[in-house]
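What follows is each chain in one-letter form.
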Amino acid sequence: MNDILPDEVVRWQRLEAAFRRHAELQGYAEVRTPIIEQTALFRRQVGETTDIVEKEMYSFERHGDDLTVRPEGTAGAARAYVEHQLAAKEPVSRWYYLGPMFRGERPAKGRYRQFYQAGCELYGDAGPLSDAEIIDLVCGLFRDIGVGEFVVHVNSLGSGGTRDRYRDALLAHFEPRKDKLSDDSQRRLFKNPLRILDSKDPRDREAAAGAPSILDVLDDADRAHWQGLLGYLDALGVPYVADPSLVRGLDYYTRTLFEVKTKAADLGSQNTLCGGGRYDNMIKSLGGPDVPAIGFALGLERLLLSMPDTARKAGPGAVILPLAPEGAKKGLVLARDLRALGVVAELDGRGGKLKTMLARAEKRGAAMCVILGEEVQRGTVAVKDLAARVQDEIPLESAARIIADRLGQPRAVPRPPAQPGDPQTPGPAGEARGPR
Ligand code: HAM
């Protein structure tokens with residue numbers, strides 16, 4: 001679990017804003033559900049034999065309830081969708097969410113116990129068109145935020161009859177190899193042989209070689225959905241590969257399944273930036289109507305590791321330096337007036353030499369310094385533009401408005417003619433030049 005300090009939060013906010021923009025452009029609206037849900041919700045939906053439920057959930061009992069700190073967002077959103085009877089209110093609902101998820105996994109770069117997801121869930125549209133659009137949403141976002149080379153892996157897990165036939169085919173493949181499987185997979189063999197395909201254990205990988213492909217057993221309706229999807233992905237120019245080995249670690253999926261992986265970042269096996277798929281049975285199994293659904297979630301930490309590091313925390317617009325005894329009171333009021341005009345203003349009341357104070361303001365990344373020295377007695381303040389390294393005096397009375405205007409259009413500010421002795425020539429970068 002990580003602390004995210006203010007300097008890093010700037011990149012988070014940029015990523016979150018881009019995600020919201022892309023989701024909202026496709027008509028998604030934000031939903032906020034509790035971080036804690038009944039344990040049974042995840043057991044039933046994510047699946048009893050998944051790693052998440054068997055090994056990773058933070059579960060506890062309190063006040064007679066079995067509770068779990070959410071390991072993912074899909075089950076909680078679906079619970080809310082059913083509880084608030086959304087299906088009766090609108091035929092199609094598009095929801096997005098952002099927030100922390102919790103899984104007790106072995107930590108590594110890009111794999112944490114508290115991590116953040118941004119996800120979208122679409123309820124009420126069964127067709128492959130919506131599958132293609134939601135995948136394209138992720139691709140559009142990734143291109144926008146500058147994720148390096150990425151590829152979408154897609155597969156179909158089929159539905160109803162296809163799933164049963166595939167289960168039988170997998171059992172027939174793995175049963176003769178049972179002794180060669182990992183302990184987890186031996187235990188899961190009869191309950192959920194699909195899980196073996198998702199195992200990273202080398203014994204399971206070896207035993208899975210030559211296992212039947214689900215794409216070979218799709219029934220007509222599943223095949224039509226699958227081929228429809230591939231056609232739409234082609235039309236959109238989505239960079240994808242059909243990957244019959246893709247299973248994913250959650251049990252609720254039906255038909256379309258996808259993951260977006262990056263090649264560019266040094267994330268090792270944590271290179272899956274996004275996972276998602278269709279889960280047409282979940283709403284019904286939660287006691288709701290028969291409403292199909294599809295969604296995805298992005299791992300924000302992994303995305304940040306794959307994005308160019310350009311965003312920087314902006315410094316304050318103005319740092320106010322009270323020098324004269326009456327400067328403090330005037331400075332307090334000026335800072336408040338500046339903030340009222342939307343300028344981020346900091347008052348540096350720590351005192352010291354002007355040169356030191358200017359250096360401190362520059363280190364903070366301030367755009368301007370406002371010096372309240374002896375000129376306050378004349379009803380003026382000195383304003384220094386730290387980037388342009390020019391300084392002038394302005395009336396204290398209208399200082400807030402003038403500074404706000406200058407910060408609004410910093411390049412268009414008319415400069416007064418240079419006065420002899422004024423430090424208006426650019427100094428070396430980082431050196432704070434005092435005005436007198
Ligand atoms: P998931 O594949 O378990 O799917 O997680 C989605 C993404 O969350 C992963 O691709 C990864 O980027 C990130 N992630 C998962 N675990 C960790 C971790 N321990 N540390 C850092 N990042 C992690 C789901 O959670 C589904 N609810 C997605 C979905 C939504 N399917 C349908 N709708």
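Caption draft 1: How the structure looks around the site of the ligand. Taken together, 26 residues are adjacent to the ligand, and Glu72, Thr74, Glu105, Arg248 and Tyr253 come closest. One of the backbone nitrogen or oxygen atoms of Phe296 is found 3.3 Å away from a nitrogen atom of the ligand. The separation between an oxygen atom of the ligand and a polar main-chain atom of Gly299 is 3.3 Å. Burial of the ligand by the protein amounts to 96% of the accessible area it has alone, namely 650 Å². When residues of the shell around the ligand are traced back to their parent elements, those giving at least two are β6 (114–123), β10 (272–278) and β11 (293–299). Broken down by element, the residue count for the shell around the ligand peaks at six residues, all from β10.

Caption draft 2: Molecular detail of helix α16 (residues 399–408). All of the buried residues in α16 are Ala399, Ala400, Ile403, Ala404 and Arg406. For α16, the angular spread of the buried residues around the axis is 160°, confining them to a single face. On its buried face, α16 is in contact with β12 (318–322), α14 (327–340), β14 (368–372), β15 (380–385) and β16 (390–395).

Caption draft 3: Geometry of the packing of aromatic side chains. By the definition in use, this model includes eight aromatic pairs. A centroid spacing of 5.4 Å and a plane angle of 80° characterise the contact between Trp95 and Tyr123, whose relative ring orientation is edge-to-face. Pair noted here: Trp95 is in strand β5 (residues 93–102) and Tyr123 is in strand β6, with a separation of 28 residues, a long-range link. Overall, the relative accessible area of 11% leaves Trp95 in the buried class. Taken together, a centroid distance of 4.8 Å and an interplanar angle of 65° make the contact between Tyr252 and Tyr253 edge-to-face. No difference in accessibility class separates Tyr252 from Tyr253, as the two residues are buried. Site record: aromatic cluster; members linked through ring pairs are Tyr81, Trp95 and Tyr123.

Caption draft 4: Spatial organisation of the pattern of salt bridges. Tallying each qualifying case throughout the model produces 29 salt bridges. Residues Arg79 and Glu37 are paired through a salt bridge, measuring 2.7 Å at the closest nitrogen-oxygen approach. Residue Arg79 is found in helix α4 (residues 74–83), and its partner Glu37 is found in strand β2 (residues 36–38); the two are separated by 42 residues along the sequence. Judged by relative accessible area, Arg79 falls into the buried class, the value being 18%.

Criteria and thresholds
- Residues numbered from 1 in each chain as written.
- Predicted model: local features only at pLDDT ≥ 70, side-chain atom pairs only at ≥ 80, totals over all residues.
- Heavy atoms only, no water.
- Near = heavy atom within 4 Å.
- Polar contact = N/O pair within 3.5 Å; in protein donor to acceptor, adjacent residues only side chain to side chain.
- Areas by Shrake-Rupley, 256 points an atom, 1.4 Å probe, with all protein chains shown as cover.
- Helix = DSSP H or I, 4+ residues; strand = E, 2+ residues; numbered from the N terminus.
- Buried < 20%, exposed > 50% of the residue type's maximum accessible area, 1.4 Å probe, protein only.
- Arc of directions from axis to C-beta.
- Contact = heavy atoms within 4.5 Å.
- Phe/Tyr/Trp six-rings, centres within 6.5 Å; stacked < 30°, edge-to-face > 60°.
- Salt bridge = Lys/Arg side-chain N within 4 Å of Asp/Glu carboxyl O.

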